[in-house]
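Coordinate inspection notes
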Amino acid sequence: MSNNTRPAGPGHRRGVPGEKAKDFRGTMGKLIQYMGRYKFRLLLMMIFAMGGTIFNIVGPKILGKATTELFNGLVAKVGGTGSIDFERITYILISVMCLYFVSSVLSFVQGYIMSGISNDVTYNMRKDISKKINRIPLKYFESRTHGEVLSRVTNDVDTLQQSLNQSLTQLITSTTTLIGVFVMMLSINVWMTLAALLILPVSMFIIANVMKRSQKFFIAQQRYLGEVNGQVEEIYSGHNVVKAFNKEESVIEEFERTNQKLYESAWKSQFFSGMMMPVMQFVGNLGYVMVALFGGFLTIKGAIEVGDIQSFFQYIRNFTQPIQQIAQVGNMLQSTAAASERVFEFLNEEEEERTAENPVSVDTVSGNVSFNHVSFGYDPDQIIIHDFSARVQQGQKVAIVGPTGAGKTTMVKLLMRFYDVNSGEISIDGHNIMDFNRSELRELFGMVLQDTWLFHGTIMENIRYGRLDATDEEVKAAAKAAHAHRFIMAQPGGYNMVLDEETGNISQGQKQLLTIARAILADNKILILDEATSSVDTRTEIQIQKAMDNLMRGRTSFVIAHRLSTIRNADLILVMKDGDIIEQGTHEELLEAQGFYANLYNSQFEKAEAV
């Protein structure tokens, strides 16, 4: 069972190594360049972040003055030489409260600014991706799964937003804290600072070893989490097939195997991650003991005050914490770079040319289409359309038939310039389609496909999608021409009934009638009908055929069909095999010729008789 899509929700957590970027430095450079439009806000955020951190760092030293004042007052009171100066202590405490309040305000502002920046960055990225999707050639989407493309807009951008918001501010505050605390420790006592620094190599050694051992388990956890998510999604979407083939037990067994692997990697990764904090606390406590002994000795010697020891303890705690945070930021930046890399790869994909140098106007086009010695292959080394030539007059109904893989749908893709021909020429009213602006060229075509596409919205909105400025009466007229009005009015709410995935009272044939009504309303000059009746029963097919006859009246139409009974009244039938037209003519002419078409038609007729 395959998993073609990336797991939904990457589950990034602090300290969890994410996927690494192939070019970390280059990608981060692109991200910084992309964020250049917010440089003023970024500078402002950095100033507030550093300011909030600095005010927070100064607090413990001033608080130590209150402790010294209290200690000296107690000593003086016991010795009978003085008393505790509560007014002085109160003044110091109020000063500290003011410092912490200002620090909180600055931190709040920088958080607000950074949240705005990260949201703006991801908002613009989604907008750029949305625009890019419309400029990328169809071959990009046909060579990748839908999940892979969707993950750029969902998973990757969400990961970028979360990690960017956390990592950038964390990096600034942690670096500022580390430098500021070190300066404050030095200002209290150099020798005590050196003693405290002795715990750093031990801490770094422990962090490096724990992360080294836990990283492989975290990576395995993410991989198996993706497999579990993929299996759940796959089985849920294929629920009926699993039941039909009695595969419930094998599906459960496969899920249990993957789930067991996820369980094993998850508890090992969490165990190693959970080890870090108690071990670091133990090492930190050893540092406290060393500083307490050394500080007590210096206090007896009169080198420092009692309050300085208290301040120093707070600084030691604040000194080891940013080191861990910077290590965690490194992992988050890897996730940021990996997500950014995939987004930028998508944004840098090759685009199809949208405009021609001197574009032909589509206003005067009537619908004469000609194919002149067209040759094409999705891979230039494997040509599938060898030498295709045909002439279609305005208003003609042209049927394209042939076995699977003959190149029928490929010809339609070439006609609409989803792909460009390798050689030869396709022209409309004597103008090479390469001379039209691509978007204007596609406005000439209306399509009704085998796979109906209806979006979440009312029936009225779905039909109006063909022409957004159409009135309600025009929509209803199109529905009547498509033989859809009667069943629409039988629905609860009529034209205002909302369609969604849960709408079970709309059949496949009725959905097809709605797409035909949409095409009638659009009133395009050239129509393409690709297997529009292949998934419905015979009675519904007759109804759809009547609707399509109304749709095709007066328009140049290309009909791709496997059921040859539906195209007997075509003005021209093109019979394709292995990328070439091997026969062409009307239904009667091709039957009289007793060639490939006649054999194909008779085999279908014989199957129908047998049924």
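Once a new chain begins, its residue numbering starts again from 1 and follows that chain's sequence as written. Residues qualify for local features only when their pLDDT is at least 70, as the model is predicted, and side-chain atom pairs are given and counted only at 80 or more; totals for whole chains, interfaces and linings, by contrast, use all residues. Side-chain metrics in this entry use all non-hydrogen atoms of the structure; hydrogen atoms and water are not considered.

**What to know about the overall build of the protein**
Secondary structure elements follow DSSP: runs of H or I of four or more residues count as helices, runs of E of two or more count as strands, with numbering from the N terminus. Helices and strands together make up the secondary structure of the protein, namely 19 helices and 12 strands. With the C-alpha coordinates of the protein rotated into their principal frame, the extents come out at 130 × 55 × 55 Å. Summary of the burial criterion: residues with accessible area below 20% of their type's maximum are buried, those above 50% are exposed, and those between are partly exposed, where the area comes from a 1.4 Å probe applied to protein chains only. Taking all 611 residues of the protein together, 44% fall into the buried category. Two residues form a contact once any of their heavy atoms are found within 4.5 Å. Considering only intrachain contacts with a sequence separation of at least 6, the fraction spanning at least 24 residues in the protein is 79%. Areas reported here follow the Shrake-Rupley algorithm with a probe of radius 1.4 Å; residue values treat only the protein chains shown as occluding. Only carbon and sulfur atoms are counted for the fraction: they give 57% of the accessible area of the protein, which is about 32200 Å².

**Description of a nonpolar patch on the surface**
A surface patch of nonpolar side chains, amounting to about 470 Å² of accessible area, comprises F182, L186, V190, W191 and L194. Looking at the nonpolar patch, the elements with two or more residues in it are α5 (146-188) and α6 (190-197). Of all the elements, α6 adds the most residues to the nonpolar patch, at three residues. Along the polypeptide, V190 turns up in helix α6. We classify V190 as partly exposed; its relative accessible area is 44%. Residues enter a patch when their relative accessible area is above 30% and they make no salt bridge; the linking distance is 9 Å between like charges and 5 Å between nonpolar side chains (Val, Leu, Ile, Met, Phe, Trp, Tyr). Every case where a carboxyl oxygen of Asp or Glu lies within 4 Å of a side-chain nitrogen of Lys or Arg is listed as a salt bridge.

**A look at a positive patch on the surface**
A positive count includes Lys and Arg, and a negative count includes Asp and Glu. His and the chain ends are not counted in either. Every charge is mapped to an atom, namely NZ of Lys, CZ of Arg, CG of Asp or CD of Glu. Judged by side-chain charge, K212, R213, K216 and K268 come together as a positively charged surface patch. When residues in the positive patch are grouped by element, the largest group, three residues, is from helix α7 (residues 199-237). Take K268: it is sitting in helix α9 (residues 248-300).

**Re the sheet that holds strand β4 (residues 423-428)**
Within a sheet, adjacent strands bond to each other through the backbone by hydrogen bonds, running parallel or antiparallel. A sheet is described by the order of its strands in space; here four strands give the open sequence β2-β1-β4-β5, paired in antiparallel fashion. In the strand order of this sheet, the two ends are held by β2 (385-392) and β5 (431-432), each with one partner. We treat two strands as partners when DSSP finds at least two bridges between them. Pairing analysis gives five bridges linking strand β1 (residues 369-376) to β4, with the strands arranged antiparallel. For S375, the partnering residue across the bridge sits in β4 and is S423. Contacts between helix α11 (residues 408-415) and the sheet are confined to β1, β2 and β4, with β1 contributing the most and set at about 110° to the helix. For every element, the axis is a line fit to its C-alpha atoms; helices are fit only across the contacting stretch, and the angle between N-to-C directions ranges from 0 to 180 degrees.

**Description of the packing of aromatic side chains**
Pairing of aromatic side chains here covers Phe, Tyr and the six-membered ring of Trp, requires ring centres within 6.5 Å, and sorts the geometry by plane angle: under 30 degrees stacked, over 60 edge-to-face, intermediate tilted. The tally for this structure, following the rule as stated, stands at nine aromatic pairs. Between the aromatic rings of Y597 and Y601, the centroid separation amounts to 6.3 Å while the plane-to-plane angle is 20°, which identifies the pairing as stacked. Separated by four residues within a single helix, Y597 and Y601 lie in helix α19 (residues 596-610), roughly one turn from each other. Taken together through their ring pairs, the aromatic side chains of F371, F388 and F558 make up a single cluster. Cation over ring: R37 sits above Y34, and NZ or CZ is 4.6 Å from the ring centre. Should the NZ of a Lys or the CZ of an Arg lie within 6 Å of a ring centre and within 35 degrees of the ring normal, that charge is described as sitting over the ring.

**Here we look at the sheet that holds strand β3 (residues 397-401)**
With mixed pairing, six strands are arranged side by side in an open sheet as β6-β9-β10-β3-β11-β12. Every other strand in the sheet has two partners, leaving β6 (445-449) and β12 (580-585) as the edge strands with one partner each. On average, each strand axis in the sheet is tilted by 20° relative to the strand beside it, whichever way the strands run. Relative to strand β9 (residues 526-530), β6 runs parallel, the two being bridged by five bridges. From the neighbouring strand, L449 faces β9, where its bridge partner is D530. Along the sheet face, α11 touches β3, β6, β9, β10 (556-560) and β11 (572-577) and points at about 145° away from the line of β10.

Geometry only, nothing functional implied.
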